[in-house]
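Coordinates in review
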Amino acid sequence: MSRTIGIGRQDFEKIRVNHNFYVDKTDFIRQWWEVSDDVTLIVRPRRFGKTLNMSMVEQFFSIAYAGRGDLFEGLSIWEEKSFDGEKSLEMGKSPQGDYRYRQLQGTYPVIALSFAKVKETTYINARKKICHIIRTLYNQFDFLLESGKLNDNEQDFFRNVSADMEDYMAAESLNALSGFLMKYYGKRVILLLDEYDTPMQEAWMNGYWDEIVAFIRSLFNATFKTNPYSKRWMNLGCQTGEIR
């Protein structure tokens, strides 16, 4: 039976559940994991499949998708076996036998966000949109407030994250969320950021480059460079330059 091409679909789960045509790129998960880099920057042209690949990575590792091995059945990553004498990855003997990556599916806290919608003509609105995206991300983890894992100060910080939060709080917001998730799950976090460069492209076109770069630099420094709670992080975008 032929498969339908799902034009414009960027959600890995939707493609798999609807049995859309899919070119298997799940070996990227193996390649990325075995390289053992803390930092990965992927820069490719538009419509190159970056967002779909990030969705694939998120749904493979995220605890939110624990038990969803059905999404990967029949694909390269699900059939990857250990070499003779090789220990299973990170967890001892796998309950899945020699299929070494099956044991990793759905086992990590994952923070995944996108700056694709940050297409504002002023710095004030761009900053507010980024902060709103972060607040929406926090809403996904509001169960942390009732978990008993956060102290009073951490709960106050969690509640005060908003579209209008001060710069220092915005800069620390993703670092703090990583720490909250590590306290809850006991594992360091995988961070995935799609279209990291969209705010900079809009800033360049609309005359607020210096302001947005200063804001983004502080955010990225705390989130990625000086984040002791992160296991791995991946940024995806189209920009070929770098922030200095």
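Going by the structure above, here's the rest.
Residues numbered from 1 in each chain as written. Predicted model: local features only at pLDDT ≥ 70, side-chain atom pairs only at ≥ 80, totals over all residues. Heavy atoms only, no water.

If you look at the biggest cluster of nonpolar residues, it comprises 42 residues, and the most contacted ones within it are Phe115, Ile130, Tyr138, Leu177, Phe180 and Ile212. Counting residues per element, the ones that place at least two in this core are strand E2 (110-114), helix H5 (123-140), helix H6 (152-160), helix H7 (167-185), strand E3 (189-194), helix H8 (198-206) and helix H9 (209-225). At eight residues, the largest contribution of residues to this core is made by H5. Contact partners of tyrosine 138, with chain neighbours within four places excluded, come to Phe157, Phe158, Val161, Ser173, Ala176, Leu177 and Phe180. By size, the runner-up hydrophobic cluster in this structure holds 28 residues, among which are Phe60, Leu71, Leu104 and Val110. (Core = buried A, V, L, I, M, F, W, Y, C linked by side-chain atoms within 4.5 Å. Buried < 20%, exposed > 50% of the residue type's maximum accessible area, 1.4 Å probe, protein only. Helix = DSSP H or I, 4+ residues; strand = E, 2+ residues; numbered from the N terminus. Contact = heavy atoms within 4.5 Å.)

When you tally the buried positions in E3, you get six out of six residues, the bulk of the element. For E2 and E3, the ladder comprises five bridges, and the chain directions are parallel. Considered in E3, the bridge of leucine 113 is made with leucine 193. Two elements, E3 and strand E4 (residues 230-237), share six bridges in a ladder whose sense is parallel. Within the sheet, the bridge partner assigned to isoleucine 190 lies in E4 and is arginine 232. (Pairing = 2+ DSSP bridges.)

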